[in-house]
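Examination of the molecular architecture
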Amino acid sequence: MTNRVDGPRLVTGAARYSGDHSVEGLVHGYLVLSTIANGTVRTMSADAALAAPGVLAIFTPFNPLRYAGPWAQGPGYYLYGPNRFPLQPGDREVRHHGQVIGLVIADTFEQARDAAALVEAAYDARRPNTSFADGIPDAVVPPPLTGPPVVDVLVPGFGSIDDALAASAVTVRASYSQRPEHHNPMEPHTAIAVWDDGRLTVYSGAQGPLLHAQEIAVAMEVEAAAVRVVSTHVGGAFGGKASTWPPAVLAAAAARQVRRPVKLALTREQLYSVTGHRPAVVQEVALGAARDGKLRAIKHDCVSTRSNVSSLYNGVSGYSLGVYCTPNVHAGTKVVTLDIPPATIMRAPGEEAGSFGLECAMDELAHELGLDPIALRLANDADRHLTGGLPYSSKHLAECLQVGAARFDWSRRKAEPRSVVAGEWLIGYGMAVGVYGANRYEMSMRVAFRRDGTVHVGAATADLGTGMRTVLSIVTAASLGVPLSRVVSWLGDTALSPDPMSIGAMAGAVGSAGSSSVAPAIRAAAEAATKALILRAIQDTRSPFHGLAPEDVRYRDGVLSANGQSVEFGRLLTLMDVDGVTATGTSAPDATPEHTMSSFAAHFCEVRVNRFTGETRVARMTSVVDAGTILNPATARSQIIGGVVWGLGQALLEGAEVEPATGRIANANFADYLIPTNADIPGIDVYFLNYPDTIFNPVGSRGLGEIGTVGSAAAVANAVFNATGIRVRDLPISPEKLL
Ligand code: MOS
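Rules used in this analysis
Residues numbered from 1 in each chain as written. Predicted model: local features only at pLDDT ≥ 70, side-chain atom pairs only at ≥ 80, totals over all residues. Helix = DSSP H or I, 4+ residues; strand = E, 2+ residues; numbered from the N terminus. Rg over C-alpha atoms; globule rule 2.2 N^0.38 Å. Buried ≥ 20, exposed ≤ 12 C-beta atoms within 10 Å, placed from the backbone. Contact = placed C-beta atoms within 7 Å. Pairing = 2+ DSSP bridges. Axes fitted to C-alpha atoms, helices over the stretch in contact; angles between N-to-C directions. Right-handed = clockwise from strand over helix to strand, strands pointing away. Domains from an automatic or database assignment. Nonpolar A, V, L, I, M, F, W, Y, C, P; charged D, E, K, R; others polar. Parallel < 35°, antiparallel > 145°, perpendicular 65-115°, else oblique. Left-handed = near helix turned anticlockwise from the far one by under 90°. Arc of directions from axis to C-beta. Expected span 1.5 Å × (residues − 1). Core = buried A, V, L, I, M, F, W, Y, C linked by C-beta atoms within 7 Å. pLDDT = per-residue confidence, 0-100.

Next up on the list: the overall build of the protein chain. Along the protein chain, the regular secondary structure elements total 17 helices and 29 strands. For 739 residues, the compact-globule estimate of 2.2 N^0.38 gives 27 Å, and the protein chain sits close to it at 27 Å. Every one of the 739 residues in the protein chain was classed for burial, and the buried ones make up 57%. Counted over contacts in the protein chain with a minimum sequence separation of 6, partners at least 24 positions apart contribute 81%.

Take a look at the structure:
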């Protein structure tokens, strides 16, 4: 168990976030946002603002920035980002409230902000289409995103999933819904752009710095190699900084035009409309089962919002294809396109809502059948995915359930809802499971032996806050048999990339793929570096191993030895007068896997619901996780706790309020958009099974950044039902719904 190697920097304020970098000659930008959701900007008056102190330039659709766009729509790098960018020539269309319609550049932040307030816009406004509820009857099947929007698997004889449901002895059917959820990173998107002789450096938090650099380069119409992105500390992400959003592009374009370095920081309120959110979704789940609880049919349909300025929707129903064993399944997705801010991915996108629907429905089925919810899940444990039919590489969900039940003391649960009362509190237990696909990308890493006795390891991918920098150090130390204190790890700077064109490295820290992509590449790089060191040692006349065959020299724990002589690598490099020996290693997943690879979790929750106020307090949680080999228990545990906290936020607190008439997000601030605070979070007991999955990767680890979020909201909702007898199917479970 290793604490974060960057922990002291993070907690003493030494860590530099994007906005913390100081650059000589820096000027500041401030955005002007639209106050309508649909229409055309007829005129803008910037004269008063231009005359304000310190103002250098004001960019609007009438005085546009020069950069390339609008960008390509649809799949590709821009999948998770916006498909149009603001302040380009002739683009006066407003498609959502809070859209960027102006950028003021001034000597100081305050001058830019104050001048922005003087910019006036006149619009030809149209009635915005912002009501999700009104659009649902006309929802349409969207183009595929990551998978087909409609999937049916039926046994012969059934014409549709409804036939399979009708033939089932018992059915439950319910509709579940949730509002839009918004990313709230510690540092709202901030970029500092510095041009130097045609080359651009952008300090901007990014989950994939290489991808970010590539996207900025496309917009600036320069070679990707001319753009360096520095994202040493991301400042909070989990989807919100997976793609490029306006601040980085606008700062870069403005800096080029005003010939000064530009810093552009979003305010917390601006974050809500300028960057992406998790789309609202309504889902309908129907389960058909035999009396013994064996599932016969799962019908899972969802409708998601979709912004007219981005491609992404929340296709949550596909989740049901990979959880339980059933002969018949249907997953369908539709969308309602609205004049709302762009969407993006957010921690376990699709799985979080999909698991809420499916796991609540399973709880409803268990109640209907009079079965224990754990027994129902065990009876339907799947050994393969329902589409494709590939068996799991390593699955121990049943053990997660058993171990979790014991740790949580599940046997004390009363099956009868509303039967445990302590004073003013109703007490209930709930559980749910989660499945999240194990992803990994092709990744290249660089490892260097240095003459000062340290080992350097680096890649352009980022530590979005998960502790990847620590994992990097641990895996490097273990691969080379050197103490952790001698490993220096670098992340989050495109200048570190050994292979700028590696698509996998470009994606960066997304899809819970970071550590499992990086770790095997480090092993490969460590092996290559060791070989390179030995080669150097036998070729250099100053080396005691000069002239030997490579197989005669042995590397072990930082020491080379042959013929009874042993030399530590730092001393060897000093003897040879070499600064270091560097090698790159690459590791990629199987192109044609023969298994389905996923991480699994079982969550158990105790809630206390106040009989008089309807307030729900989560009293305790246990999460048992099967995510392969755990590379570092300390940071892994933090990831699961973090994921569970997101689930609790989703269950009890979060949701944007969009005013239908204006499209304005009414609660775009920390006072009104509620996220869990420390006082909302009880002790969370996390336990890892730790079975290596070497089919997935040579290190045996699977992702665990997102699995904590999958199923945790359902565990809370199911506990609330057990406590109160009330099924709240519309998130968040706010007090008035329990009165
Ligand atoms: Mo994750 S939503 O892939 O950061």
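Let's shift gears to the sheet that holds strand β22 (residues 487–490). What the four strands build is an open sheet, ordered β22-β21-β20-β26; its pairing is mixed. Since the sheet does not close on itself, it has two edges, and those belong to β22 and β26 (580–587), each with one partner. Each strand axis lies, on average, 20° off the axis of its neighbour in the sheet, ignoring direction. Strand direction decides the pairing type here: strand β20 (residues 443–450) and β26, joined by eight bridges, are antiparallel. Looking across to β26, one finds that S444 is bridged to T586. Helix α14 (residues 514–539) rests against β20, β21 (455–458) and β26 of the sheet, and its axis sits at about 140° to β26.

Geometrically, the link from L731 to P732 is a cis peptide bond, its omega value of -5° lying close to zero. Note that P732 resides in the segment after α17 (712–724). Positive phi values are uncommon outside glycine, yet L87 reaches one of about 65°. As for its position among the elements, L87 is in the loop between β3 (55–59) and β4 (93–94). You can call L87 buried: it has 26 C-beta atoms within 10 Å. With a phi angle near 65°, D409 is a residue other than glycine that sits in the positive phi range. Turning to its location among the elements, D409 is positioned in the loop between α11 (397–408) and β18 (421–422).

Judged by which residues are buried, strand β29 (residues 684–688) turns out to be one-sided: I684, V686 and F688 face inward and are buried, whereas D685 and Y687, on the alternate face, are not. Tracing the backbone out of strand β28 (residues 616–626), into helix α16 (residues 633–652) and back to the parallel element β29 gives a crossover that is right-handed.

Considered domain by domain, the protein chain is made up of domain 1 (7–127 + 189–265), domain 2 (346–439 + 593–738) and domain 3 (443–587). Here domain 1 and domain 2 have C-alpha centroids that lie 37 Å from each other. With six residues of domain 1 in contact, the opposing surface of domain 2 contributes six residues. Along the lines of polarity and charge, the residues of the side of domain 1 that touches domain 2 split into two nonpolar, four polar and no charged.

Another aspect to go through is the packing of helix α9 (residues 351–369) against α17. Taken N-terminus to C-terminus, the directions of α9 and α17 make an angle of 30°; their axes are 8 Å apart at the nearest point. The pairing of α9 with α17 is recorded here as roughly parallel in orientation. Our pair here, α9 against α17, has a crossing hand that is right-handed. Note on element contacts: α17 touches α9 through A713, A714, A717, N718 and F721, opposite E352, S355, F356, E359, C360 and D363. Along the lines of polarity and charge, the residues of the contact of α9 with α17 split into six nonpolar, two polar and three charged.

What helix α15 (residues 569–576) keeps buried is the set F569, L572 and L573. Down the axis of α15, the buried set is contained in an arc of 95°. They therefore lie on one face. Buried residues in α15 make contact with β20, α14, β24 (559–562), β25 (565–568) and β26. Of the residues flanking the end of α15, it is D577, one or two places downstream, whose phi is positive at about 60°.

Next up on the list: α17. Its 13 residues place the ends of α17 19 Å apart at the C-alpha level, agreeing with the 18 Å of an ideal helix rising 1.5 Å per residue. With 13 of its 13 residues buried, α17 lies for the most part within the structure. Immediately downstream of α17, the backbone of G725 shows phi near 80°, a positive value.

Next up on the list: the environment of E24. Within the fold, E24 resides in the loop between α1 (7–12) and β1 (27–33). Measuring from C-alpha to C-alpha, the distance between E24 and T387 comes to 57 Å, with 363 residues separating the pair along the chain.

Interhelical geometry of helix α12 (residues 468–480) versus α14 gives an angle of 30° and a closest axis separation of 9 Å. The pairing of α12 with α14 is recorded here as roughly parallel in orientation. For α12 against α14, the interelement crossing comes out right-handed. From α12, M468, V471, L472, V475, T476, S479 and L480 reach across to α14, where they touch G514, S515, V518, A519, I522, R523 and A526. Here the contact of α12 with α14 is composed, by residue class, of nine nonpolar, four polar and one charged.

On to the nonpolar core, then. Burial of nonpolar side chains together is a common tendency in soluble globular proteins. Counting residues in hydrophobic clusters, the biggest one holds 221 residues, and the most contacted among them are V104, A251, A252, I522 and V716. No other element matches the eleven residues that α14 contributes to this core. The contacts of I522, once residues within four sequence positions are left out, are M445, V447, V457, L472, V475, T476, S479 and G585.

Within a regular strand, side chains alternate between the sheet's two faces. As paired elements, β24 and β25 share four bridges and run antiparallel to each other. The residue of β25 that forms the bridge with S561 is S566. The antiparallel hairpin formed by β24 and β25 contains two residues in its connecting segment, where N563 sits at a positive phi of about 50°.

Below, the discussion takes up the sheet that holds β1. Spatial strand order, β3-β5-β1-β13-β10-β11-β12: seven strands in an open sheet with mixed pairing. On the outer flanks of this sheet lie β3 and β12 (227–230), each paired with one strand and no other. Pairwise comparison of adjacent strand axes, ignoring direction, gives a mean angle of 20° for this sheet. Set on the sheet, helix α6 (residues 209–220) makes contact with β11 (199–204) and β12; between it and β12 the angle comes to about 140°.

This part is about the confidence of the model for the protein chain. Here the protein chain averages 94 in pLDDT, while 97% of its residues score no lower than 70. Counted against residues more than four places away or in other chains, residues 72–77, with its pLDDT under 50, gives seven contacts. Confidence over residues 500–504 falls short of pLDDT 50; this stretch has twelve contacts with residues more than four positions distant or in other chains. Per the prediction output, this complex has pTM 0.96; the corresponding ipTM is 0.96.

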